[in-house]
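A look at the structure
Chain residues, written in single-letter form:
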Amino acid sequence: MTRKKRRLVVLLACGVALGSAAALTLSAFSDTMTFFVAPSEIATKAPRNGREFRMGGLVEAGSLVRATTDGKPSARFRVGDGGGSVDVTYVGILPDLFREGQGIVALGAMQKDGTFRASEVLAKHDETYMPKDVADALKKSGRWNPSEGPPPPAATWNTLAASPAKEGG
Amino acid sequence: MIPELGHFALALAVAIAVGQAALPLWGAYRRDARLIAAAPALAIGQFIALATAFGCLIWSSVTDDFSVRNIAENSHSLKPLLYKITGVWGDHEGSILLWCFILAICGAAVATFGRNLPSSLRARVIGVLGATACGFELFALLASNPFLRLWPPPIDGRDMNPLLQDPGLAFHPPILYIGYVGFAVPFAFAVAALLEGRIDAAWGRWVRPWTLGAWCCLTGGIALGSWWSYYILGWGGFWFWDPVENASLLPWLTGTALLHSAIVVEKREALKTWTVLLAIGTFSLSLSGTFLVRSGILNSVHSFANDPTRGVFILGLLALVIGGSLLLFAFRAPVLASSGLFAPISREGALVLNNILLCSIAAVVITGTMYPLFADLLFGQKISVGAPFFNATVLPLAVPVFGAMSIGPVLSWKRAALGPALIRLWWAALAALAVGLIASLRARALPALCFGASAWMIFGALAELVERIRLFRVPFRGSIARLAGLPRATYGAMLAHAGLGVTIAGIAGMSLAADTISLVKPGDAVQLAGYEFRLLDLRDGLGSNYTSRIADVRVSRDGREIATLSPSRRTFTTQTMTTTEAAIHTNGIRDLYVVLGDERDGAAVLRLHDNTFAPWIWFGALIMAAGGGLSLLDRRLRIGAPVRASRVLAAAE
């Protein structure tokens, strides 16, 4: 086998590997990508076909109701970003950092009755953290102005969230 | 006083780093023997300065000096001593200092153990390490100084994030960082080789042990991190495909490729430019891994110690190091001509295939990790790419790697035939097929395939051993003699390959895991996978800086008691934060995993998992790291063999 031919084989192998990597990536993107939708955009942007998406905002103060469904713990609460809010139902253990007023991100799908059924609820491990998507949603809805300073620490989110909750309804 | 001493030592380290970067590189360029000889002394001076700085920070933390801002914000007088020490690297400033300190250790190690290197190459390697250290120490000094004072000092500190107060995470960062930063040495070797314009087999031999060492630590660090998230986050999973985790996986993938391509440089003097590029790429990924995540650019669920305000400095530094080295590569790479020729079906060919596939996997993981960032910047879309994406893309690319892993080592160098190699592996193939078929009775298709692949890797490694000692083909005594005569690097490679097999079996086993969530009153029981979990009691406990709520759960099977597990929830008083302590009973093959949730109406929420093969995930990683360590002990890498090789080459020229 000549030098040229060998080089061709190596190049071909590279092409096949990278090509299949690209093909896999593209096909997986179209199947598995999950979009983030803020509570205020749910009416217009949320996928309706039962496809899962991520939704994040602050848990409205006083909205959390814990219950038991089929011997399993469940919870119902409202998540809002100031511009709108949505009812969320979740069966399972809420994360340790889940608290009213805390920013959360939930993965799930819209139900026919207009509630969001979460399959996963994430709260950040680090207490001083506000999920980036939540921060953006808050900025967009005018609840938090970054030029006025850093996001308030999580301990004060309770009071921060209480006011939009009252205004919102 | 002590913090000021540390502050001064850090400033001194920056000054030494400037000298360490400038003098040896200039000396090697001008062939000035005196400047070249200064390199080791500077590297060791750098090490001493940073060791002092780091020691001062630990001292301040242990003595509860809350006038230091960093310690006031991250420590507390009631914190156990262990976490006062390990807490030093739990926050942003301290972890950057640790990063710099490990880089200094690498420089000092090259100075100490690199006596058999040609002096100009050693000077250049140390110089490149110095230049890198200079940038990051400057960052530590100017933008994230851990020694800044606070006035007035608070009476007590704000305490560390309770999730970090855990032995697993106490040692995870240093090990992971040694892995990340360790790749700075192959990087420095690559840049030095570009400056010298020469790469030979000896270069490959010098680079190998440093790459191996870094790779072992990175493997251990990733495994420790994944184990920590398994047992402390209490969600029962072990890998989240989160940007932080991907950031550590990327240099591991390219580092593994580098490990293998360096063999080709060493044995066959081929793939030189590619190896240099891989060394640069691996360290670049390590750098971006540590710092992109910390700069807050990538959105992660479990990153600690990040601070977006300092992102610009870091980005500039990254651009300088990565861009500079790639530019140098573009200019100088054509100088490095390869000489070794090989056929596509040969040991080299298999190693090239390994490289291509590992880099394709790395490319896919980069795309998945970075795409949300670009989608947000370019299209204003908020997207997340999660586990389904990575499972769908990484696995199909990994399967050929698994397949080639057992075949490659039995191929001969230069030119080989696939047929005889496959015949030698027939019983490994049979075993893999059998395991895959048995697994397909219980598991779905994909996990069954993975079980088969893991058996293929484990038995493939065994078959290679059998082949090498010519078991049953020469008299038994001869086989034993061959067994003793095999180089340690060969054993190391087999062990590492088998270790990956064990890990893959563990990961595939997670698909058989069962879990349930249940509201249980004391005295009641829950059934899961044939086990009975009976909640005996709920009680309160008291720790040094937390209070806890503990559940006692008795696990039995067919009336026979197996274990009593005590999962708990800890409430940390200073940070008003609750953490979940999962209780795990393992028998080496399966984990019984119990998490205590919240309580209501006298009943407690329990989440129960039965994770088959889960311990194998970390056990396999341990085997891999041990295999790497064994290779590191190989005679060839320890003894002054490189000198001989370079002399032979010099004679040949």
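Residues numbered from 1 in each chain as written. Chains lettered and ligands numbered in written order. Predicted model: local features only at pLDDT ≥ 70, side-chain atom pairs only at ≥ 80, totals over all residues.

Glancing now at the overall build of chain B. A tally of regular secondary structure across chain B gives 22 helices and 11 strands. In summary, chain B has a C-alpha radius of gyration of 26 Å against a globular reference of 26 Å for 653 residues, a match within 12%. Projecting the C-alpha coordinates of chain B onto the three principal axes gives extents of approximately 85 × 75 × 55 Å. Taking all 653 residues of chain B together, 55% fall into the buried category. Sequence-distant contacts, at least 24 apart, represent 75% of the contacts inside chain B between residues at least 6 apart. (Helix = DSSP H or I, 4+ residues; strand = E, 2+ residues; numbered from the N terminus. Rg over C-alpha atoms; globule rule 2.2 N^0.38 Å. Buried ≥ 20, exposed ≤ 12 C-beta atoms within 10 Å, placed from the backbone. Contact = placed C-beta atoms within 7 Å.)

Residue and element names in this part refer to chain B. Partitioning chain B into domains gives domain 1 (1-165), domain 2 (183-386), domain 3 (389-512 + 616-621) and domain 4 (514-614). Between the C-alpha centres of domain 3 and domain 4 the distance comes to 38 Å. The partner domain 4 presents four residues to the seven residues of domain 3 that form the contact. Contributions of two or more residues to the side of domain 3 that touches domain 4 are made by helix H19 (488-509) and helix H20 (614-632). Considering only residue class, the side of domain 3 that touches domain 4 consists of five nonpolar, two polar and no charged. (Domains from an automatic or database assignment. Nonpolar A, V, L, I, M, F, W, Y, C, P; charged D, E, K, R; others polar.)

Of all hydrophobic cores here, the largest spans 195 residues; its most connected members are Cys100, Leu103 and Phe189 of chain B. Tallying contributions element by element places helix H9 (residues 201-232) of chain B first for this core, with 19 residues. For Leu103 of chain B, the contacting residues outside a window of four places in its chain are Leu129, Thr132, Ala133, Phe136, Val181 and Ala184 of chain B. One finds Ala38, Val79 and Ile93 of chain A together with Val555 of chain B within the second-largest nonpolar core, a separate group that totals 44 residues. (Core = buried A, V, L, I, M, F, W, Y, C linked by C-beta atoms within 7 Å.)

Now for the interface of chain B and chain A. Of the residues lining the interface, 41 residues belong to chain B; the matching set on chain A comes to 36 residues. Elements with a minimum of two residues in the side of chain B that touches chain A: helix H13 (347-379), strand E1 (383-384), helix H14 (387-407), strand E2 (514-520), strand E8 (577-581), strand E10 (590-600) and strand E11 (603-612) of chain B. Partitioning the side of chain B that touches chain A into residue classes produces 23 nonpolar, 15 polar and three charged. In this sheet, E1 of chain B lies alongside strand E1 (residues 34-37) of chain A in antiparallel orientation, the contact comprising two bridges. Note that in E1 of chain B the partner of Phe35 of chain A across the bridge is Ile383 of chain B. (Pairing = 2+ DSSP bridges.)

On to the environment of Ile458 of chain B. Residue and element names in this part refer to chain B. Relative to the helices and strands, Ile458 resides in helix H17 (residues 445-468). Each C-alpha atom, one on Ile458 and one on Leu500, is 8.3 Å from the other, the two residues being 42 residues apart in sequence. Setting aside chain neighbours within four positions, we find Ile458 in contact with Ala498, Gly501 and Val502.

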